[in-house]
Amino acid sequence: YVKGDVNVKSQKELKFQKAEKDQILNEGDTIRTYSGGYAEVLFDEGNRLTIKPDSLVVIHDMKENRLTKIRKSSINLLQSDVEAVIRRPKIEGSEFVIVTPTALAKISEAKVAVQVSKEQESKLKVFSGAVDLKVGDQSVEVVQNQAIDI
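Bear in mind that the values here come from a model prediction, so they are computed numbers and not experimental data.

Reading the values: rules and limits
- Residues numbered from 1 in each chain as written.
- Predicted model: local features only at pLDDT ≥ 70, side-chain atom pairs only at ≥ 80, totals over all residues.
- Heavy atoms only, no water.
- 1 Å grid on protein atoms, 1.4 Å probe; cavity = no way out; pocket = protein on both sides within 12 Å on 5 of 7 lines; lining within 4 Å.
- Points joined across faces, edges and corners; volume = space filled by probe spheres on them.
- Helix = DSSP H or I, 4+ residues; strand = E, 2+ residues; numbered from the N terminus.
- Nonpolar A, V, L, I, M, F, W, Y, C, P; charged D, E, K, R; others polar.
- Core = buried A, V, L, I, M, F, W, Y, C linked by side-chain atoms within 4.5 Å.
- Buried < 20%, exposed > 50% of the residue type's maximum accessible area, 1.4 Å probe, protein only.

A.B. asks: For empty space enclosed by the protein, give the residues involved together with the corresponding values.
C.D. replies: Within the structure shown, the criterion is met by 2 cavities of 30 Å³ or more. Taken as a whole, the largest cavity encloses approximately 110 Å³ of empty space. As for the largest cavity, its lining consists of 14 residues, and the residues nearest its centre are Glu-45, Asn-47, Ser-94, Glu-95 and Phe-96. Within the residue set of the lining of the largest cavity, elements represented by two or more residues are strand S8 (71–77), strand S10 (95–99) and strand S11 (104–116). Residues that form the lining of the largest cavity fall into these classes: 5 nonpolar, 4 polar and 5 charged. The volume enclosed by the second largest cavity comes to roughly 50 Å³.

A.B. asks: Which residues make up the nonpolar core, and what values do they have?
C.D. replies: By size, the foremost hydrophobic cluster in this structure holds 31 residues, and its most contacted members are Ile-31, Leu-49, Ile-75, Ile-98 and Val-112. Top contributing element to this core by residue count: S11, with 6 residues.

Written as structure tokens, this is what we have:
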């Protein structure tokens, strides 16, 4: 869904356009929400990303290996406030990744909230499930009811 002031810029376009309900997004598309703007992006396998006001999100990867059916989806959060509900993948090896300026979060099944401030600081909260978080060359598992500032 789209509520309020939400724009999308296709990778092939120079300017943002008003987002439409049920709009199909592609790799490289950028979603911008303004004050009071919300957007919900649905991915394969029922994965859902809710983008809150004053956010800038880039759809980075949406790939599927035709032989193995393994899916790789990733989004880049610039300045953002999002919630994601990621379901257990149907095909082993599939993954959903959220990239922030300071970390990379691999999610196999979880409900999470991620914020990236103007200062490029990130916060991750896991409501259910678990997230493999990589910061530089260090990795940590963040589990249900844990939060971390990065």
